[in-house]
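# Overview (structure and organization)
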Amino acid sequence: MNATPSYYTDELYEILSSPKHTEVIDALRPNSTYVLDISNEKIIDIYVETGKNFMTYLFDAVIKVIVDKKGSSALKTYRNLRIELTGSTIISMHDITSREHEGKTITFDCTVIAAEPPKTYVKRGVAVCILCGNEEECVANQDREINIPRCTTPSCKLAKMKLDSSRVVTDDIQTLLMQEPMDKAKNHSPVILMGKIIGTNVGTVFIGQPKRITGIFRSIIDYKTNENEVLIDVASIEDLEETELIKPDEETISKLKLKSEKEPDEYKSEIVNSFAPHIFGYSEIKESVLLSLLGGSNNSKKRGDIHMLMVGDPSMAKSEILKSAKSITQKSIYTSGKGATAAGLTIGMVKLPNGTQVAQAGVLPLCSGGFALIDEFDKMGREDRSSMHEAMEQQTVSIAKAGTKMTLPAEATILAAANPKFGKYDSDQSLGDNLEIPSPLISRFDIIWLFLDDVHRDKDRAKAKHIIESFKKNNNKDYDTYLSDTELMSVLNYARELEPVLNDETVERILKLYEKLRELGREEQQQKLPVGVRQLEAIVRMSTAHAKLMLRSHVLPEDVDAVQKIMSDSLDSFGLDLNKGGFNQSFLDGLKTKDTKERIALSVWYKVADDKGNVKSEKFLKELTEAPKFDENSASRYFSQWEQQNKVKMNKDGTWRRT
Ligand SMILES: [Zn+2]
C-alpha cells in the first residue's frame with residue numbers, strides 16, 4: 001500500500017480524536033510533554049509501518065487536535081510541544097518524581113481520599129476601563145490565572161481595567177487528594193498527591209473510589225520560597241474495576257463439600273491448619289480468624305461482621321496472625337492503629353495548600369466491604385476512639401467539622417491486636433483496665449482472645465519458640481498444607497457468599513449457649529471480660545460463619561457447639577470457665593509464686609466457694625495458709641483486711657460472700 005504522509009496523519013488524528021485522548025491533549029500546555037501509549041494496536045501498526053517518520057505524523061496529528069479546540073493560533077504556541085512514546089504508561093505513585101515527570105503526562109492508579117466541594121474558575125471574560133469604557137477580552141492561562149490588562153487609552157494613564165462579572169465564562173473545578181492503593185504502598189505509608197479536575201469531570205468523583213488517573217505533573221511555583229506544591233492536572237479519570245474475587249471450580253467445591261459431610265472434624269482441622277501453617281498451635285484462634293473472614297448472615301439488617309480482638313503481651317504471634325489473614329483475603333488492609341495517614345483509622349480533616357479543610361477518609365472507609373487488619377489497635381488516636389463506635393456498630397464514619405459534614409460507608413470487618421497499657425498484662429485487672437481502649441468499644445468485639453505467655457499456659461513458651469524457629473528457617477512456603485493460601489482464599493470467597501439458614505433445633509441450641517453466657521455474666525468475674533446481650537447476636541453470627549466454613553446450607557446444632565467451644569476457649573484464655581461460671585482449674589494450676597497475693601487469695605476463694613459462691617471462713621483460711629506467699633498470720637490478716645474494705649460480707653448462716 002502506498003500511503004501518503006497525510007494519510008498517516010489522518011489515521012492518527014482519527015485515533016487521537018476519541019475522548020480518551022482529547023481529554024489529555026486538551027489539558028496540555030505549550031511547553032509540556034505529551035506521553036502517548038502506543039500499545040494501542042492501531043497506533044502500533046502505524047508505528048511499525050512508518051518507522052522513523054512516525055513522530056512527524058504524530059506531531060501533526062496532535063497539533064490538529066489542539067487546533068480543533070484552541071484555534072489556528074495553537075499552530076504557533078504549541079510548536080515546542082514534546083511527544084514521548086511509551087508502552088505501558090501506568091506507573092506506581094511512589095515512582096512519580098519531579099526529575100522524571102515535571103510537565104509530563106502520567107497515568108497511575110489511586111484511591112480518592114478527599115474531595116473539595118466543586119468551585120468555578122473564570123475561563124475568559126471582558127475587562128472594562130471605568131474611565132473611558134474601553135473593553136478588552138482576557139483569557140485564563142494554563143495555570144488558570146487571569147491577567148487583567150491596563151487601559152491603553154493614553155489619557156487613562158494605564159489605569160487598571162475591571163472584569164465585567166456579568167460577562168464572564170466559567171467552568172467547574174475541584175481539588176482532590178489521591179492516595180496510592182494501600183497494598184502497593186511502601187512501609188504502609190501511601191503516597192498522597194493533590195489533583196485538580198476541571199470541566200465535566202467535576203462532581204463525578206467520590207471519596208473511597210478507586211480510579212485510574214491520567215494527568216500532568218506540575219509544580220505550582222511559589223516565587224517567594226521556591227518550595228513548590230505538587231499538583232496533578234487531571235486530564236482523564238477512569239473507573240478501576242474492582243478486583244474480581246477468585247473462586248474454586250465446581251469440582252473442588254463438591255470435593256470439599258463431600259469431605260466436610262463425611263469427615264467434618266478432619267475437614268475442619270485441615271482447613272484451619274491450612275491457615276498460617278508457620279504459626280504452631282493457636283488452632284482455636286486460627287479458627288475464629290476464619291469465622292471473622294467469613295462473617296455471619298449476609299442479608300439481615302443487623303451487621304454480619306464478626307469483629308475479633310487479640311490482646312496480650314507484645315509477641316510475634318498476634319501481628320503474624322494478622323499478616324497471615326492478609327495473605328488469604330483479597331480486599332483487606334493491614335495497618336497500625338495509628339493509621340497510615342492523618343485521617344487515621346476512620347475519618348479526619350486535612351488542610352489543603354489553599355488553606356481549606358476537607359474531610360479525608362481513613363483506613364475503614366477505604367476497605368469498606370473488606371477487612372481491616374489493625375495491629376497496635378491501642379495506639380489509635382483520640383479522634384478515632386470516638387468515631388470507632390459508629391464504625392463498628394453502624395458501619396459508617398462521620399465527621400462534622402470546619403463547615404464539613406460527611407458520612408462515609410465503612411463496612412469493614414475488624415481484626416485487631418492490642419498490647420496492654422503497661423507492656424504486660426495484669427490478670428488482676430479487668431480487660432478494660434489493661435487496655436488503652438474504652439470498655440464500650442471493647443464490647444463491640446464479638447470474640448476476644450488473651451495471649452498470656454508466662455502464666456496461663458505453659459504451652460505458650462513452646463509455641464513462641466516454634467514461631468521464632470520457623471522464622472529463622474524462613475521456610476514458610478514449605479509447609480505441606482491441605483490448601484495453599486490462594487486455594488484457601490478462593491474457598492473463603494466462595495463460602496462467604498453462602499447463606500446457611502437456622503432451624504428450630506439450632507435456635508434452641510443458640511439460646512442455651514446464650515443462657516450459659518448470661519450465667520457467667522452474673523458472676524463477679526464478669527468485670528474481667530464484658531459479657532452482654534450483644535453476645536446473643538455474636539453467637540448467631542459466629543454459628544452462621546461456622547456453617548459457611550463447613551460449606552453447609554443450614555446452620556446445624558454442631559455449628560453452635562463449635563462456637564461454644566471457641567467461646568469457651570476464649571473465656572478460658574481469660575481464666576473464666578463457661579461451664580462452671582468461675583475461674584477454672586487450669587487457671588488455678590497456672591498460679592505460681594510470681595502472682596500477687598490478691599490474685600492468689602481470690603483464686604483460693606473461688607476454689608473453696610460452693611455453688612452459690614459462699615465460703616466458709618475456716619476452710620478458706622486453711623487453704624490460704626498453704627498457698628504460696630501466705631502463712632497462718634498473713635492469711636488471717638488478709639481476710640480481716642478484706643472484711644474492713646467491705647470486700648467480703650458474712651451471710652446469715654455464718655458463711656461469707658464476696659461483695
Ligand atoms: Zn481607559
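Residues numbered from 1 in each chain as written. Predicted model: local features only at pLDDT ≥ 70, side-chain atom pairs only at ≥ 80, totals over all residues.

### Observations concerning the overall build of the protein
Helix and strand content of the protein: 23 helices and 24 strands. Burial statistics for the protein: of 659 residues in total, 36% are counted as buried. (Helix = DSSP H or I, 4+ residues; strand = E, 2+ residues; numbered from the N terminus. Buried ≥ 20, exposed ≤ 12 C-beta atoms within 10 Å, placed from the backbone.)

### Regarding the pairing of strand β10 (residues 210-220)
As paired strands, strand β4 (residues 105-115) and β10 are joined by seven bridges and run antiparallel to one another. From the neighbouring strand, I106 faces β10, where its bridge partner is G215. With ten bridges connecting them, β10 and strand β11 (residues 229-239) associate as antiparallel partners. Each bridged residue has a counterpart across the sheet, and for F217 the counterpart in β11 is I232. (Pairing = 2+ DSSP bridges.)

### Focus: the sheet that holds strand β13 (residues 332-336)
Taken in spatial order, the five strands line up as β13-β16-β19-β12-β20 in an open sheet, and their pairing is parallel. Here the strands that pair on one side only, and so sit at the sheet edges, are β13 and β20 (447-451). For this sheet the average axis-to-axis angle between neighbouring strands, irrespective of direction, equals 10 degrees. Here four bridges tie strand β16 (residues 371-375) to strand β19 (residues 413-418), and the two strands are oriented parallel to one another. Of the residues in β19, the one forming a bridge with A372 is I414. (Axes fitted to C-alpha atoms, helices over the stretch in contact; angles between N-to-C directions.)

### Side note on unusual backbone geometry
In the Ramachandran plot, A276 falls in the positive-phi region, its phi being about 50 degrees despite a non-glycine side chain. Notably, Q395 is not glycine yet its phi reads approximately 65 degrees, a positive angle. Structurally, the position occupied by Q395 is in the loop between α12 (382-393) and β17 (396-401). Its 18 C-beta neighbours within 10 Å are what place Q395 among the partly exposed residues.

### Topic: the packing of helix α1 (residues 5-16) against helix α4 (residues 54-70)
Each pair of packed helices gets described by two things: the angle between the helix axes and the distance between those axes. Relative to each other, α1 and α4 sit at 50 degrees, their axes nearing to 8 Å. It follows that α1 is oblique to α4 by the angle criterion. Note that α1 runs across α4; the crossing there is right-handed. Touching P5, Y8, T9, L12, Y13 and L16 of α1 are Y57, L58, D60, A61, V62, K64 and V65, all from α4. Tallied by class, residues from the contact of α1 with α4 come to ten nonpolar, one polar and two charged. (Parallel < 35°, antiparallel > 145°, perpendicular 65-115°, else oblique. Left-handed = near helix turned anticlockwise from the far one by under 90°. Contact = placed C-beta atoms within 7 Å. Nonpolar A, V, L, I, M, F, W, Y, C, P; charged D, E, K, R; others polar.)

### Considering helix α19 (residues 557-573)
Over its 17 residues, α19 runs 24 Å from end to end, which matches the ideal 24 Å to within 8%, given 1.5 Å per residue. Taken residue by residue, α19 has D559, V560, A562, V563, Q564, M567, S570, L571 and S573 as its buried positions. Directly beyond the C-terminal end of α19, a positive phi value near 80 degrees is found at G575. (Expected span 1.5 Å × (residues − 1).)

### Describing the environment of N503
Turning to its location among the elements, N503 is positioned in the loop between β21 (501-502) and α17 (504-522). Here N503 falls in the exposed class, since 12 other C-beta atoms lie within 10 Å of it.

### What to know about the nonpolar core
Ranked by internal contacts, the top residues of the largest apolar core, which has 135 residues, are V311 and A372. Residues V604, F630, A635 and W656 belong to the second largest nonpolar core, which totals 13 residues. (Core = buried A, V, L, I, M, F, W, Y, C linked by C-beta atoms within 7 Å.)

### Brief notes about the packing of helix α2 (residues 19-26) against α4
Where α2 meets α4, the closest approach of the two axes is 10 Å, and the angle between their N-to-C directions is 75 degrees. With respect to α4, the element α2 is oriented roughly perpendicular. Between α2, through T22, I25 and D26, and α4, the contact on the second element is made entirely by V62, V65, I66 and K69.

### A few points about α2
Restricting attention to buried positions, one finds in α2 the residues H21, V24 and I25. Buried residues of α2, viewed axially, fall in a sector of 100 degrees; they line one side. Looking at the buried positions of α2, the neighbouring elements they touch are α1, β1 (33-37), α4, β4, β10 and β11. (Arc of directions from axis to C-beta.)

### Some remarks on the pairing of strand β18 (residues 404-409)
As judged from the six bridges shared by β17 and β18, these two strands associate in the antiparallel manner. Bridging from a neighbouring strand, I399 pairs with M406 of β18. Taking the residues between adjacent antiparallel strands as the criterion, β17 and β18 are bridged by two residues, where A402 takes a positive phi near 45 degrees.

### Looking at the confidence of the model for the protein
Of the residues in the protein, 87% reach a pLDDT of 70 or more, and the chain-wide mean stands at 82. Contacts from residues 454-458, a stretch scored under 50 in pLDDT, to residues over four places away or in other chains number six contacts. (pLDDT = per-residue confidence, 0-100.)

### Overview of the environment of M406
Note on placement: M406 falls in strand β18. Beyond its immediate sequence surroundings of up to four residues, M406 is in contact with A359, S398 and I399.

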